[in-house]
Amino acid sequence: MMTEAGRITAPNPGRAFSMASLSRVALYLVIVAVFATPYLWIAGSTFKTRQDLFDDLYPVSIKTFVPSNPTLENLTGLFTQTNFAQAFLNSVLVAAMSVTFAVTINSMIAFVLAWLKFPGRRLLFLVILATLTIAFEAKLIPLFLTMQQLRIDNTLPSIFLPWITDAFIIFLLRQHFAELPQDLYDAAVIDGCSFFRMYWQVMLPNITPALVSAAFIKFIFSWDSFIWPSIVITDESKTVITVALAKLFSDEYIRWELVFAGSFVATVPVVVIFVFLQRYYVQGFVRSGLK
Amino acid sequence: MAQVFSKSRNAQRYRAAFLLSLPALIGLFLFHYWPIAETVRLSFTDYKVFTGEFTFTGLKNYDLARSDPILLLSLRNTALFFLIKVPLQMALGLCLAMLVSKPGRDSTLLRTLILFPAVTSMVVASIVWGMMFHSDIGIVNSLLESLGLPAQGFLRDRHQALPVLASITIWKDVGLSMIFYLAGLLAIPAVYYEAARIDGAGRWEIFRFITLPLLNRTHVFVLVTSTIAAFKIFVPVEVLTDGGPSNATRVIVHYIFHLAFRFNRFSYATALSVILAILLIAISIFQLRITRDDDDD
């Protein structure tokens, strides 16, 4: 049976081209086609001239995905004729700040929730988790008005501030803190370690993988965010990459070659980082989802 | 003396803990609970564009909602979207998980590839699939025509637009469902499979009577989370169809968003937000209830 993990089947050359293995290969090809085609199309089209872009569409062939006259014009055009460079930089800044603040702040409270017994501990944890049940879309309008009242609308911090306290991250990190051995705590207490140093020097270094998970998931969230920045930012120079891209796509006269180049620039960094960090990404979701 | 010492130590500990918790608590209050309270309060008011003031009007907004045909239409479209997306995404997530659960290089590569969309931003996913499904310059129609099939309207066709949007979001989200199912599959002890095989169970029977029921917790988790995500569908609508053609993709969050930020109808939009929030909580509770009953049988 194919689904059984870890089963070793003896190689059988005579059966190599059986119907079963053929249909399996076909299935793999379909999956690869569905999931890879958009990326190949973006990548290929980014380096095509506008003329080739349209000419290569009918009929679909290898030429659709591989530029025959490769050019960097679209990328240079994207960075010189639109505000994409600024938007990219803003997205990087927002993601960096969001990740740094969120991991710091949420790991601090997660540590307290895991290692300090105080009355109301469970209640506080529930109050935090309850925020997960409310769709942020339902808080959009007051959040926007609050930002205006605090006079921080239309600034980069306003993009990530509302998502700093993150129940998902608190849940994930509290879990990991709580699983650290009691001996570690006791030994540190005997050494006269203060509560703050306990967090910073004893416990925190021991949950590094979970911190990487939290940081990467927060990064993806920040990079992906679109609704909120499109509301709270009105200044072109403070826009982020998703909003800039959507704007490029909604122009009266769409410059398709720039849309491809923009999608390429918005996607490549994340996908490359993902290839290296996917273990942490998967662990972060699995650990917080099913336990 | 010793007790005094430990008391002051304890006080120190609580002070440190308070300081460590404070930033997150401020965020919790300022950006989570305060806006929720405000949403509820504003939903009982009327917003004046000229003065920027909210005057109390009681249940007026909710009365308005009861007879709003576009709200009804948005809710119906959202429900339809949910009905297309969630069952398909769950079934595909489970199938893909079974396919890649076999250890090996091809499984690892496939898993990585299927997760790419999960880390690709929804705006990019919408744009690239929007272009692939473009009725004039899209790859999909080009392929159809090469095969001698008629080109389709896709996003310009009012019967196809919503299913196309659902497919795009399935493509984006199925990787995460797969990951949860994979974790569930790997947690099933191998002895169950062995016992079943000794009893002469076939592949289908093993799937039906062992795999499927033992994944119950995973089903519930994937169902509830993907349902909430489906009801909040917004980005592909905003980027690709703007609610059209002829309101076929008008969905609830998109409607609220446009009431508020295009037409300045903040109060009415908050009332609909409250309705949406309550609806989502009710659906989640309902789904948890039903699945729990299943478990008891």
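Before any of the text, the structure's been laid out above.
The following paragraphs examine the structure supplied in this document. Here the structure is a predicted model, which is why all the values come from computation and not from measurement.

Here we take up the overall build of chain A. Across its full length, chain A holds 15 helices and zero strands. Seen through its C-alpha atoms, chain A measures out along the principal axes to roughly 70 × 65 × 35 Å. Sorting the 291 residues of chain A into buried and exposed places 53% on the buried side. In chain A, 74% of the contacts between residues at least 6 apart in sequence involve partners at least 24 apart. A total of about 13800 Å² of accessible surface is found on chain A, and carbon and sulfur atoms cover 66% of it.

Below, the discussion takes up the packing of helix H14 (residues 241-250) of chain A against helix H5 (residues 122-132) of chain B. Put simply, H14 of chain A and H5 of chain B touch, their axes get as near as 9 Å, and they point 20 degrees apart. Considered as vectors, H14 of chain A and H5 of chain B are oriented roughly parallel to each other. Seen from above, H14 of chain A lies across H5 of chain B with left-handed handedness. Residues Thr242, Leu245, Ala246 and Phe249 of chain A of H14 of chain A touch H5 of chain B, and the partners they reach there are Val123, Val124, Ile127 and Met131 of chain B. Taken together, the residues that form the contact of H14 of chain A with H5 of chain B break down as seven nonpolar, one polar and no charged.

What follows concerns H5 of chain B. Of all eleven residues making up H5 of chain B, eleven are buried, and the element is well covered by its neighbours. Within the sequence span of H5 of chain B, burial applies to Met122, Val123, Val124, Ala125, Ser126, Ile127, Val128, Trp129, Gly130, Met131 and Met132 of chain B.

What follows concerns the interface of chain B and chain A. By a frequent convention, interface size equals the accessible area lost on bringing the separate parts together. Each partner contributes to the interface: chain B provides 86 residues, whereas chain A provides 92 residues. Summed over both sides, the interface of chain B with chain A buries roughly 8300 Å², with 77% coming from carbon and sulfur. Sorting the residues of chain B by area buried against chain A places Leu20, Phe31 and Val119 of chain B first, and these three jointly supply 9% of that buried surface. Between chain B and chain A we count one salt bridge in total. Taken together, the connections running from chain B to chain A amount to 13 residue pairs in polar contact (both at pLDDT 80 or more). At 21 residues, helix H1 (residues 2-42) of chain B tops the list of elements feeding residues into the side of chain B that touches chain A. Class assignment of the residues belonging to the side of chain B that touches chain A gives a composition of 59 nonpolar, 15 polar and twelve charged.

Moving on: the environment of Thr249 of chain B. Residue and element names in this part refer to chain B. By secondary structure assignment, the location of Thr249 is in the loop between helix H11 (235-241) and helix H12 (252-261). Thr249 sits in the buried class, given a relative accessible area of 0%. Taking the C-alpha atoms as reference points, Thr249 and Pro35, 214 residues apart in sequence, are found 28 Å from one another. Thr249 has contacts with Asn77, Ala161, Leu162, Leu165, Val237, Thr241, Gly243 and Gly244, leaving out every residue within four places of it along the chain.

Let us look at the pattern of salt bridges. Between side chains of opposite charge, a pair can form when the charged atoms approach closely. Within this structure, the stated rule accounts for 13 salt bridges over all chains. Of the charged contacts, one joins Glu38 of chain B and Arg41 of chain B as a salt bridge, the two residues approaching to 3.0 Å between their closest N and O atoms. Note that Glu38 of chain B and Arg41 of chain B are positioned in helix H1 at a spacing of three residues, about one turn of the helix. For Glu38 of chain B, a relative accessible area of 15% corresponds to the buried category. Residue classification places Arg41 of chain B among the partly exposed residues on the basis of a relative accessible area of 44%. Among the ionic pairs, Lys60 of chain B bridges to Asp46 of chain B, the shortest N-O distance being 3.7 Å. Here Lys60 of chain B is found in helix H2 (residues 60-66), whereas its partner Asp46 of chain B is found in strand S1 (residues 45-47), with 14 residues between them in sequence. We classify Lys60 of chain B as partly exposed; its relative accessible area is 39%. It is possible to trace a salt-bridge network through shared partners that takes in Lys48, Asp56 and Lys63 of chain A.

Definitions and limits used
Residues numbered from 1 in each chain as written. Chains lettered and ligands numbered in written order. Predicted model: local features only at pLDDT ≥ 70, side-chain atom pairs only at ≥ 80, totals over all residues. Heavy atoms only, no water. Helix = DSSP H or I, 4+ residues; strand = E, 2+ residues; numbered from the N terminus. Buried < 20%, exposed > 50% of the residue type's maximum accessible area, 1.4 Å probe, protein only. Contact = heavy atoms within 4.5 Å. Areas by Shrake-Rupley, 256 points an atom, 1.4 Å probe, with all protein chains shown as cover. Axes fitted to C-alpha atoms, helices over the stretch in contact; angles between N-to-C directions. Parallel < 35°, antiparallel > 145°, perpendicular 65-115°, else oblique. Left-handed = near helix turned anticlockwise from the far one by under 90°. Nonpolar A, V, L, I, M, F, W, Y, C, P; charged D, E, K, R; others polar. Buried area = accessible area lost by both parts, 1.4 Å probe. Salt bridge = Lys/Arg side-chain N within 4 Å of Asp/Glu carboxyl O. Polar contact = N/O pair within 3.5 Å; in protein donor to acceptor, adjacent residues only side chain to side chain.

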